[in-house]
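The lines below spell out each chain.
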Amino acid sequence: SAKSEAKGQHRFFSADLYRQLQHRLDTERELAAAIEEDQFIVHYQPRVNTHSGELVGMEALVRWQHPEKGLLYPGAFIDIAEASNLIVQLGEVVMDKVCAQLAQWQAEGRALVPVSVNASARQFDEGRVKDLCIRALRRHGIDARYIEIELTESIMANNAQQVFEELRSLHEIGVPVHLDDFGTGYSSLAALHKLDVDVLKVDRAFTAQLGAAQEGEVFFSAIVSMARALGMRVIAEGVETPQQLAVLQRLGCDEVQGYLVSRPLPAAEVVRFYGQRTLPALA
Ligand code: C2E
Ligand code: MG
Ligand code: MG
Ligand code: MG
């Protein structure tokens, strides 16, 4: 009957929910301790010019060096960090590590390229992303143009006015903004026009559709035209095959990032991309 079904469902639901809650609380506690104990490291993924293959930037991606579980990727902890507001502290840690790394590379005499740092909606709610950048840049003596902020369309879900102002203030200090995972969210064209973003970083779901069927190209080429009209650059993320790269070159996409060029790497390994032009020979 409907009644016993509902009852069964209820029982299933609470056991499941209980387990989820327990996991969440455990992870939250561990995360807080891990921030104290400095268990986070940053990997860097190169971004190259679609046509020349020249290194034009890197993305900072956080990893948790867990004492028992080994290296954990953001999928295992970012959601929980966001829900618990620990993301604000973690964001400080990542920004500080990135600026310290830039300072080290600078001291080694390398010609720096900008490093983009992912920020969560939570950090924007607090309205302190600009201060976060300024503090870390000053602490390590880094010029603002070497840091970029990546954020997703979801930041516009609430408090759009606050977000607009925060983006404007990032521009004022010279920190460019990338709209990450573009195409998966719900930003209207009107909002996009009002947003002070410099780069549309197209989600890898769209990159994955390139090279196989013709339809996959339609969306991408529309984004490229729109970005041109709005004075923005386009980055394709998740580029894995030479076929995808060939299509992106033809469509005039500015920059590419993905396993075809390189996986995210520890700082000591990513330095080999400095001053390099890295694109595989096209088939
Ligand atoms: P994202 O910012 O969209 O980063 C791209 C993700 O795609 C990274 O996963 C990267 O390793 C992966 N990726 C890059 N190239 C390829 C490819 O060719 N194929 C495939 N299949 N995947 C590729 P990762 O490092 O696991 O990060 C996942 C997400 O976690 C990021 O997505 C970002 O939203 C978030 N994240 C990472 N670091 C931070 C951080 O410091 N702060 C915040 N707030 N979020 C972060
Ligand atoms: Mg990103
Ligand atoms: Mg992305
Ligand atoms: Mg993504």
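You'll find the structure just up there.
Keep in mind that this is a model prediction, so the values were computed, not measured. (Residues numbered from 1 in each chain as written. Chains lettered and ligands numbered in written order. Predicted model: local features only at pLDDT ≥ 70, side-chain atom pairs only at ≥ 80, totals over all residues. Heavy atoms only, no water.)

Enquirer: Honestly, the overall build of the protein chain in this entry has me stumped. Any pointers?
Expert: From N to C terminus, the protein chain includes eleven helices and ten strands. The globule rule puts the C-alpha radius of gyration for 283 residues at 19 Å, and the 20 Å found for the protein chain is close to it. With respect to the three principal axes, the spread of C-alpha positions in the protein chain is 65 × 50 × 40 Å. Out of the 283 residues in the protein chain, the part that is buried amounts to 46%. (Helix = DSSP H or I, 4+ residues; strand = E, 2+ residues; numbered from the N terminus. Rg over C-alpha atoms; globule rule 2.2 N^0.38 Å. Buried < 20%, exposed > 50% of the residue type's maximum accessible area, 1.4 Å probe, protein only.)

Enquirer: How should I be thinking about the coordination of the magnesium ion (ligand 2) in this particular structure?
Expert: Within the protein, the atoms that donate to the magnesium ion (ligand 2) are E59 (OE), N118 (OD1), E150 (OE) and D180 (OD), at distances of 2.0 to 2.3 Å. We note that the donor set of the magnesium ion (ligand 2) lies within a single chain, spaced as E-x58-N-x31-E-x29-D. Using a relative accessible area of 31% as the deciding quantity, one classes N118 as partly exposed. (Donors = N, O, S within 2.8 Å, 3.2 Å for Na, K, Ca; no water.)

Enquirer: Looking at this structure, how should I read the packing of aromatic side chains?
Expert: Pairs of aromatic rings are described using the distance from one ring centre to the other and the angle between the two planes. One pass over the full model with this rule turns up six aromatic pairs. A ring pair is formed by Y44 and W105, whose centres lie 5.3 Å apart and whose planes are at 65°; its orientation type is edge-to-face. Of the two residues, Y44 is situated in strand β1 (residues 40-49) and W105 in helix α3 (residues 86-107); the sequence distance between them amounts to 61 residues. Note on W105 and Y274: the rings are 5.5 Å apart at their centroids and 75° apart in plane angle, and the pair reads as edge-to-face. On the criterion of sequence distance, the pair formed by W105 in helix α3 and Y274 in the segment after α11 (267-270) is long-range, its members being 169 residues apart. Take W105 and Y274: they sit in the same class, and that class is buried. (Phe/Tyr/Trp six-rings, centres within 6.5 Å; stacked < 30°, edge-to-face > 60°.)

Enquirer: Is there a simple way to think about the coordination of the magnesium ion (ligand 3) in this case?
Expert: Each angle at a metal carrying four tetrahedral donors should ideally be 109.5 degrees, and each at a metal carrying six octahedral donors should ideally be 90 or 180 degrees. Within the protein, the atoms that donate to the magnesium ion (ligand 3) are D180 (OD), D181 (OD) and E237 (OE), at distances of 2.0 to 2.4 Å. If you list the donors of the magnesium ion (ligand 3) from N- to C-terminus, the spacing comes out as D-D-x55-E. Distance-wise, the magnesium ion (ligand 2) is placed 3.7 Å from the magnesium ion (ligand 3), both being coordinated by D180. Judged by its relative accessible area of 7%, D180 is buried.

Enquirer: Would you take a moment to explain the pairing of strand β7 (residues 199-202) for this structure?
Expert: For a regular strand, side-chain orientation follows a simple rule: the groups alternate between the two sheet faces. Residues V199 and K201 point to one face of β7 and L200 and V202 to the other, with burial holding for every one of them. Here three bridges tie strand β6 (residues 177-182) to β7, and the two strands are oriented parallel to one another. Residue F182 lies in a different strand from β7, and its bridge partner there is V202. (Pairing = 2+ DSSP bridges.)

It is worth stressing that arrangement in space is one thing and function is another; only the former is reported here.
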